[in-house]
Amino acid sequence: RSLVVVHFWAPWAPQCAQMNEVMAALAKEHTQVTFVKVSQAAELVLSRGEPLFQSMSQVLQMWNAQKVDRLDGAHAPELTKKVQRHASGSSVSAASNDSAKEDLNVRLKKLINAAPCMLFMKGSPKEPRCGKGFSKQMVEILNKHGISFSSFDIFSDEEVRQGLKTYSNWPTYPQLYVAGELIGGVDIIKELEASGELDTICPKAQKLEDRCDVVCNYFKETYYCLMLRGQSRKVNCCSKSNRIVQIKSLDVDYETFDILEDEEVRQGLKTYSNWPTYPQLYVKGELVGGLDIVK
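So, a few notes on the structure that sits alongside this text. All values derive from a computational prediction rather than experimental measurement.

Right, let's talk about the overall build of the protein for a bit. A count of helical and extended segments in the protein gives twelve helices and twelve strands. For the protein, the accessible surface area stands at approximately 16100 Å², while carbon and sulfur atoms represent 50% of it.

Counting 16 residues, the largest nonpolar core has Leu-119, Met-138, Leu-142, Leu-176, Ile-189 and Leu-198 as the members making the most contacts within it. Sorting the residues of this core by element identifies strand S5 (117-121), helix H5 (134-144), strand S7 (175-178) and helix H7 (186-195) as the ones contributing at least two each. Ranked by residues supplied to this core, first place goes to H5 with four residues. Membership of the second largest hydrophobic core comes to 13 residues, among which are Leu-108, Ile-112, Ile-154 and Tyr-177.

We now examine the pairing of S5. Where burial is concerned, most of S5 is hidden: five out of the five residues are buried. Burial along S5 is two-sided: the residues Cys-117, Leu-119 and Met-121 and Met-118 and Phe-120 are all buried. Pairing of S5 with S7 involves four bridges; the strand directions are antiparallel. Across the sheet, residue Leu-119 finds its bridge partner in S7, namely Leu-176. Taking the sense of rotation as the criterion, the β-α-β connection linking S5, H5 and strand S6 (residues 150-153) turns out right-handed.

What counts, and where the lines are drawn
- Residues numbered from 1 in each chain as written.
- Predicted model: local features only at pLDDT ≥ 70, side-chain atom pairs only at ≥ 80, totals over all residues.
- Heavy atoms only, no water.
- Helix = DSSP H or I, 4+ residues; strand = E, 2+ residues; numbered from the N terminus.
- Areas by Shrake-Rupley, 256 points an atom, 1.4 Å probe, with all protein chains shown as cover.
- Core = buried A, V, L, I, M, F, W, Y, C linked by side-chain atoms within 4.5 Å.
- Buried < 20%, exposed > 50% of the residue type's maximum accessible area, 1.4 Å probe, protein only.
- Pairing = 2+ DSSP bridges.
- Right-handed = clockwise from strand over helix to strand, strands pointing away.

Below, the structure written as structure tokens:
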């Protein structure tokens, strides 16, 4: 009868390990919540080979045997606020109105500081739900300038939606916060964009080239194979990937990365490495080649 958070994770993916650390920290803070880890290899067995997950690190949140929320991908701020919201909703509080207001302010402060740049909007960046299009305009500006931000859908929590207006003394949405400080709504952001200040205020997202660098160099001291589809040496869905992992000469310590988990990396790595197909094998961060080259 309490919140249960289940993390389907890939042991070979560093972002999954990071999410496990976040869950461990949340477990200390929310002792009434049960946190469970399930490796994706075990999940394949449980689901009879039909994956339930669509991303490298997927978190399913359930309460009283009913799924109440879901998170795809390694997004620590989003996981934190979801756990906080559902954990608070699963227990009955007998606090007074003043105490409840104080608790809400604490929660709002945590949400505002959940990421270096937080956008409170109607809907999500992929699906804005603002009738006048202000949230959509805000997302477009932030994306155009390559700004790294997390978001909170104020339609998902009426208490936050109403409370944040008073807390920040700002009556409309969207609202953008940087380092815990309110910057303003879409009109303010447009003014900052016109003056050139926006790029100096908001944190930038990691460039695709830098991300590819991280992918290629993360396992510099081991063999690192990028496969078209597959979560391990034994589980993959591409004939070439199957054949490359069966090469006896590769019976050494190497890691795998499922490029279907990240479409941006999947497409970007082709240009980055000037190699149009998968699988791709890297040794100490340097491209060796595909199946034919390895053979």
